[in-house]
Structure formats: C-alpha cells, structure tokens
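Structural overview for review
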Amino acid sequence: MYAYCPYFIQNTYLSRTVVHQAFKKKFTPKEAKLKIAKYCAYQERCHQEVRNKLYDFGLEPVDVEEIIYELIQKDFLNEERFAKAYVRGKFIYKKWGRNRIVRELKMRKISDYCIKKGLKEINEDLYADTLKMILSRKVEGLKNIKGHQKNYKAAQFAIGKGYESNLVWEVIKSEFST
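Notes on the structure follow. Keep in mind that what you see is a predicted model, and the values were worked out from it rather than measured.

The secondary structure content of the protein chain amounts to ten helices and zero strands. In sequence order, the protein chain lays out its α and β elements as α-α-α-α-α-α-α-α-α-α. Per-residue burial over the protein chain gives 34% buried out of 178 residues. The contacts in the protein chain between residues at least 6 apart in sequence include a share of 58% that link residues at least 24 apart. Carbon and sulfur atoms make up 53% of the accessible area of the protein chain, which totals about 11,800 Å².

Have a look at this one:
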C-alpha cells in the first residue's frame, strides 16, 4: 500500500499529510510565479490564500513577499475586489448574513476598509427579503413544533447563518407571531 519511505517507524506510519509534505515538489520562484498567476486568474483570491499557497510551494519568505508584490502590481491580487466578490457570492448563493460574512473575511485577514466596501454590495431590500424567505422556509419545515418554540428554532437558524439577532426577532414578531 505504501512505498518505503524514511517515515516508516516500527510498523506505524505518520499521518498521510506528513508523508505527502515530505515528497512535495519544490518550485523555483520563477515556476511558482507562473503557477500562482494561473491560480489567481482562475478566481479572486485574498493575499493570505496566495501567501499560504506560495509557502506550500516551498518558497522563502523574501520570495513570497516579492511575488505577492508583483501580483498586486499586475492586478492579479486585489483585496477590495476579493471582498466584494466574496460578499456577493456568499450572500446570493449561500444566503449568509452580514455577521457570518464579516467573521469569514476577518479569518482571511481582510482589512476593515475592504470589509466595509464589500458589505456595500448587499442591497438592503434584498437582505430583508432573503431573511424573510429563510425564516418562512424554516418555520414551514418545523411541522412537529408548536408556537414560540418554532419561532425560537427559526430565529436560532437565521442567527447561525449570520443575520443580526435584532433584525431576526423584528421579522419574527411582525411576520410569524402567533
């Protein structure tokens, strides 16, 4: 199943990731630059994703920062553009609320300025309509539960998707009060 490798110790194997990383191909900065340009051209990427990928290629920190600088200069990388695309995609397709989107962008080390610019992509009327749709589908799906418990479960679902709790409860009180 496994070929002989130096990580074979007393009939036990280290995790596959350790073995995989040991045999990963190392790239020269020139090769890495070409690969990462294709990687960035495929879809919008944040700086941290690109930085991690370059380190996975086995590059030194100086080379990584130099390549990132060149990608920014050639407009392959743009965090504001990434934030806008990310917000649009997660809101439209996954129906995430603002809180969840902000949390995910902060995990990717996106600046507050870019996050604010990205959040402007969300239309307020569409946001409210999406929240109502999510809540109504959830309430309809909870057939065995009655009254306030149904509203509570629907609210927890919407809050978990990143919608603001005060907004969720306003919609529940106005649309679903029993």
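Moving on, we get to the packing of aromatic side chains. Applying the stated rule across the entire model yields four aromatic pairs. With centroids separated by 5.6 Å and ring planes inclined at 35°, the aromatic side chains of Phe82 and Tyr86 adopt a geometry described as tilted. Here Tyr86 and Phe82 lie together in helix H5 (residues 79-92), a separation of four residues that amounts to about one turn. Here the aromatic cluster, defined as three or more aromatic residues joined through ring pairs, consists of Phe91, Tyr127 and Tyr163. In this arrangement the basic side chain of Lys90 is found over the ring face of Trp96, its NZ or CZ atom lying 5.1 Å from the centre.

A separate point is the packing of helix H8 (residues 124-141) against helix H9 (residues 147-160). Relative orientation of the contacting elements H8 and H9 amounts to 135°, with a least axis distance of 9 Å. The angle between the axes of H8 and H9 places the two elements in the oblique class. When the axes of H8 and H9 are compared, the crossing they make is right-handed. Residues Leu131, Ile134, Leu135, Lys138 and Val139 of H8 lie in contact with H9, whose contacting residues are Lys150, Asn151, Ala154, Ala155, Phe157 and Ala158. Class assignment for the residues of the contact of H8 with H9 results in eight nonpolar, one polar and two charged.

Taken as a whole and assessed by the stated rule, the structure comprises twelve salt bridges. Among the ionic pairs, Lys33 bridges to Glu70, the shortest N-O distance being 2.9 Å. Here Lys33 is found in helix H2 (residues 29-42), whereas its partner Glu70 is found in helix H4 (residues 61-73), with 37 residues between them in sequence. Owing to a relative accessible area of 29%, Lys33 belongs among the partly exposed residues under this scheme. Linking Arg100 and Glu104 is a salt bridge whose minimum nitrogen-to-oxygen distance equals 3.8 Å.

How each quantity is defined
Residues numbered from 1 in each chain as written. Predicted model: local features only at pLDDT ≥ 70, side-chain atom pairs only at ≥ 80, totals over all residues. Heavy atoms only, no water. Helix = DSSP H or I, 4+ residues; strand = E, 2+ residues; numbered from the N terminus. Buried < 20%, exposed > 50% of the residue type's maximum accessible area, 1.4 Å probe, protein only. Contact = heavy atoms within 4.5 Å. Areas by Shrake-Rupley, 256 points an atom, 1.4 Å probe, with all protein chains shown as cover. Phe/Tyr/Trp six-rings, centres within 6.5 Å; stacked < 30°, edge-to-face > 60°. Lys NZ or Arg CZ within 6 Å of the ring centre and 35° of its normal. Axes fitted to C-alpha atoms, helices over the stretch in contact; angles between N-to-C directions. Parallel < 35°, antiparallel > 145°, perpendicular 65-115°, else oblique. Left-handed = near helix turned anticlockwise from the far one by under 90°. Nonpolar A, V, L, I, M, F, W, Y, C, P; charged D, E, K, R; others polar. Salt bridge = Lys/Arg side-chain N within 4 Å of Asp/Glu carboxyl O.

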